[in-house]
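Listed below, chain by chain, are the residues.
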Amino acid sequence: MAEAPPAGVPRDFEPVHFFLPGEADLERLRGLDPDRDWQDFVRGEHAWILQTYLRLRSFGYPVELVGEPPPSGLVVFHAKHEGVLLRHARQLREAVLVGVRGDLREPLAADFQVLQNHVWADGRSRFFVPHWLQPGLLPRDPARGTRIEKVVFKGFSRNLHADFHQPRWRDQLRERGIEWVFDATDFEGTGTAVGRLSWHDFREADLILAVRPPSSRGHTAKPATKLCNAWAAGVPALLGPEPAYRELRESELDYLEVSSSAEALAAIDRLRASPELYLAMVEQARRRVAAFTPAAIASCWVDLLWQRIPDLAGQRPLRGLPLRLRPLLRRLARLGEGRPAR
């Protein structure tokens, strides 16, 4: 976390509490550095809650990491911990709850929600905040030039389209003199597999590939993390048709969209035949990543937590109602209006 903190943190900023229950050693977590201890940020709640706490603290903002929620003030929590939070319902009547949805459905007990893209954002109770870049990211070695010798997938196995799990895909790359680097693990095996993952290391990556399996929900909850990481690493990306990617896309220089292994091979052949396009994509990445540095994303959080939400907190619809009733009332309202699950 080498960037200098922004000057002049207002003295009247109230502390914001980041709720992370069920941890054996919060004190150890408070001592982590995302860019040094990147392996501690594989799980969603650590990537969002713990990392946001650490980065905002490093920039000088008043934040606390807690295993028990305070009775008042802003409390930021991950959607997977909504049930735990509801056990503290009686003591939270004065708190303003900010739920980070992550890859999950909306936390209906929250007063406000943080989303990973703009699909459901409304600027009133649901807000988009970019995901942090991969902690400890090591960019591609510039000495590799425009060579395409390694195509890399970094992520969970289940998040890769079936085409790319087939032996034929690896064989087709091998026929072109290209290695398929599958830097992945099963979601359930994250705890034991972290030591062999290299999600932070892009030094020998020549292309990033990330194409999810088809989904009836259209991947509307997913972030553009793989695109932003590719930009930060200086590696052209082949990505699937997802809202989070498309809303950031200015042109094909940002990434090449593919939906299958056949389309991916065509894109690879195009890049091999056009070193100029490869270099133009690297240059575009250098320009685009400026909006996703830790300082830039911290500014988004500061605007949300100490300006926009405090301005809206007095107008929140279910203010004063028992916390345990909120999810039920919101489900009923959604059904009555015929709105889909979000």
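The rules behind these values
- Residues numbered from 1 in each chain as written.
- Predicted model: local features only at pLDDT ≥ 70, side-chain atom pairs only at ≥ 80, totals over all residues.
- Heavy atoms only, no water.
- Helix = DSSP H or I, 4+ residues; strand = E, 2+ residues; numbered from the N terminus.
- Rg over C-alpha atoms; globule rule 2.2 N^0.38 Å.
- Contact = heavy atoms within 4.5 Å.
- Areas by Shrake-Rupley, 256 points an atom, 1.4 Å probe, with all protein chains shown as cover.
- Lys, Arg positive; Asp, Glu negative; His and termini not counted.
- Charge placed at Lys NZ, Arg CZ, Asp CG, Glu CD.
- Phe/Tyr/Trp six-rings, centres within 6.5 Å; stacked < 30°, edge-to-face > 60°.
- Buried < 20%, exposed > 50% of the residue type's maximum accessible area, 1.4 Å probe, protein only.
- Lys NZ or Arg CZ within 6 Å of the ring centre and 35° of its normal.
- Patch = residues over 30% accessible without salt bridge, like charges linked within 9 Å, V, L, I, M, F, W, Y side chains within 5 Å.
- Salt bridge = Lys/Arg side-chain N within 4 Å of Asp/Glu carboxyl O.
- Pairing = 2+ DSSP bridges.
- Axes fitted to C-alpha atoms, helices over the stretch in contact; angles between N-to-C directions.
- Expected span 1.5 Å × (residues − 1).
- Bend = angle between axes of the 7 residues up to and from the residue.
- Parallel < 35°, antiparallel > 145°, perpendicular 65-115°, else oblique.
- Left-handed = near helix turned anticlockwise from the far one by under 90°.
- Nonpolar A, V, L, I, M, F, W, Y, C, P; charged D, E, K, R; others polar.

Student: Mind laying out the overall build of the protein chain, listing which residues take part and the relevant values?
Tutor: A count of helical and extended segments in the protein chain gives 11 helices and 11 strands. The C-alpha radius of gyration of the protein chain comes to 21 Å, within 12% of the 20 Å expected for a compact globule of 342 residues. Counting only C-alpha atoms, the protein chain reaches 65 × 45 × 40 Å along its principal axes. For the protein chain, restricting intrachain contacts to residue pairs at least 6 apart in sequence, the fraction spanning at least 24 positions comes to 69%. With the model as given, the accessible surface of the protein chain reaches about 15,700 Å², and the carbon-plus-sulfur share is 51%. The centroid of the 48 positive side-chain charges in the protein chain is displaced by 5 Å from the centroid of its 44 negative side-chain charges.

Student: Describe the packing of aromatic side chains, with residues and values.
Tutor: Within this structure, the stated rule accounts for 12 aromatic pairs. Each ring, one from F112 and one from F127, has its centre 6.4 Å from the other, and the planes form 40°; the classification is tilted. In this pair, F112 is assigned in strand β5 (residues 112-115) and F127 in strand β6 (residues 126-128), connecting sequence segments 15 residues apart. On the basis of relative accessible area, F127 is assigned to the buried category, the value being 3%. Chaining the aromatic ring pairs together yields one cluster made of F153, F164, W169, W180 and F182. Lying over the aromatic face of F202, K154 brings its terminal NZ or CZ to 5.0 Å of the ring centre. Stacked on the ring of Y255, the Lys or Arg R249 has its end atom at 4.6 Å from the ring centre.

Student: So, a positive patch on the surface: which residues are in play, and what are the values?
Tutor: On the surface, R87, R90, R93 and R324 cluster together to form a positively charged patch. Within the secondary structure, R93 is located in the loop between α3 (82-86) and β4 (94-100).

Student: Describe the sheet that holds strand β2 (residues 63-66), with residues and values.
Tutor: The 6 strands lie next to each other as β2-β1-β3-β4-β5-β6, forming an open sheet whose pairing is parallel. In this open sheet, the two strands that pair with only one neighbour each are β2 and β6. On average, each strand axis in the sheet is inclined to that of its neighbour by 25°, with strand direction left out of account. Bridge analysis of strand β1 (residues 16-19) against β2 gives 4 bridges, and the strand direction is parallel. The residue bridging H17 from the neighbouring strand is E64, located in β2.

Student: Quick one: what's the story with the environment of A205, residue by residue and with numbers?
Tutor: Tracing the backbone shows A205 in the loop between α5 (190-193) and β9 (207-210). For A205, a relative accessible area of 3% puts it in the buried group. Leaving out residues up to four positions away in the same chain, A205 has contacts with R140, K150, V152 and V235.

Student: Account for the sheet that holds strand β10 (residues 237-239), naming residues and giving values.
Tutor: Strands sit in the order β8-β7-β9-β10-β11 across an open sheet of 5 strands; the sheet is parallel. Two strands lie at the open edges of the sheet, namely β8 (179-185) and β11 (256-257), each paired on one side alone.

Student: An account of the side chain of D183 is requested, with residue identities and associated values reported.
Tutor: By the secondary structure assignment, D183 is in strand β8. Under the relative-accessibility criterion, D183 is labelled buried at 7%.

Student: Lay out helix α2 (residues 44-58) with the relevant residues and their values.
Tutor: Taking 1.5 Å of rise per residue, 15 residues should cover 21 Å, and α2 covers 20 Å from first to last C-alpha, within 8% of that figure. When the local axis directions of α2 are compared, the greatest deviation, roughly 35°, occurs at Q51. Judged by how many residues are buried, α2 sits mostly within the fold: 12 of 15 residues are covered. Every buried residue belonging to α2 is among E45, H46, A47, W48, I49, L50, Q51, T52, Y53, L54, R55 and L56, and all of these are buried. Looking at the residues trailing α2, positive phi occurs at G60, about 95°.

Student: Can you break down a nonpolar patch on the surface residue by residue, with the values?
Tutor: A cluster of nonpolar side chains, contributed by L325, L328, L329 and L332, occupies part of the molecular surface with about 340 Å² of accessible area. Among the secondary structure elements, L332 is positioned in helix α11 (residues 326-337).

Student: An account of the pattern of salt bridges is requested, with residue identities and associated values reported.
Tutor: Under the defined criterion, the tally for this structure stands at 28 salt bridges. For D201, the salt bridge identified is with R203, shortest N-O distance 2.6 Å. Among the residues examined, R203 registers a relative accessible area of 43% and is labelled partly exposed. Salt bridges sharing common partners tie together R140, R144, R147, E149 and D206.

Student: Talk me through the pairing of β5; I want residue IDs and the actual numbers.
Tutor: Neither face of β5 is open: one carries F112 and V114, the other Q113 and L115, and all of them are buried. Where β4 lies against β5, 3 bridges are found, and the strand directions are parallel. Its bridge partner lying in β5, G99 is registered against Q113. Sheet topology note: the β5/β6 ladder contains 3 bridges and is parallel. Across the sheet, Q113 pairs through a bridge with R126, a residue of β6.

Student: Any chance you could break down the packing of helix α4 (residues 167-175) against helix α8 (residues 261-273) for me, citing the residues and the numbers?
Tutor: At a minimum axis distance of 11 Å, the contact between α4 and α8 shows a crossing angle of 15°. What the angle tells us is that α4 and α8 run roughly parallel. As for the relative orientation of α4 and α8, their crossing is right-handed in sense. Across the interface between the two elements, W169, Q172 and L173 from α4 touch S261, A264, L265 and I268 from α8. Along the lines of polarity and charge, the residues of the contact of α4 with α8 split into 5 nonpolar, 2 polar and no charged.

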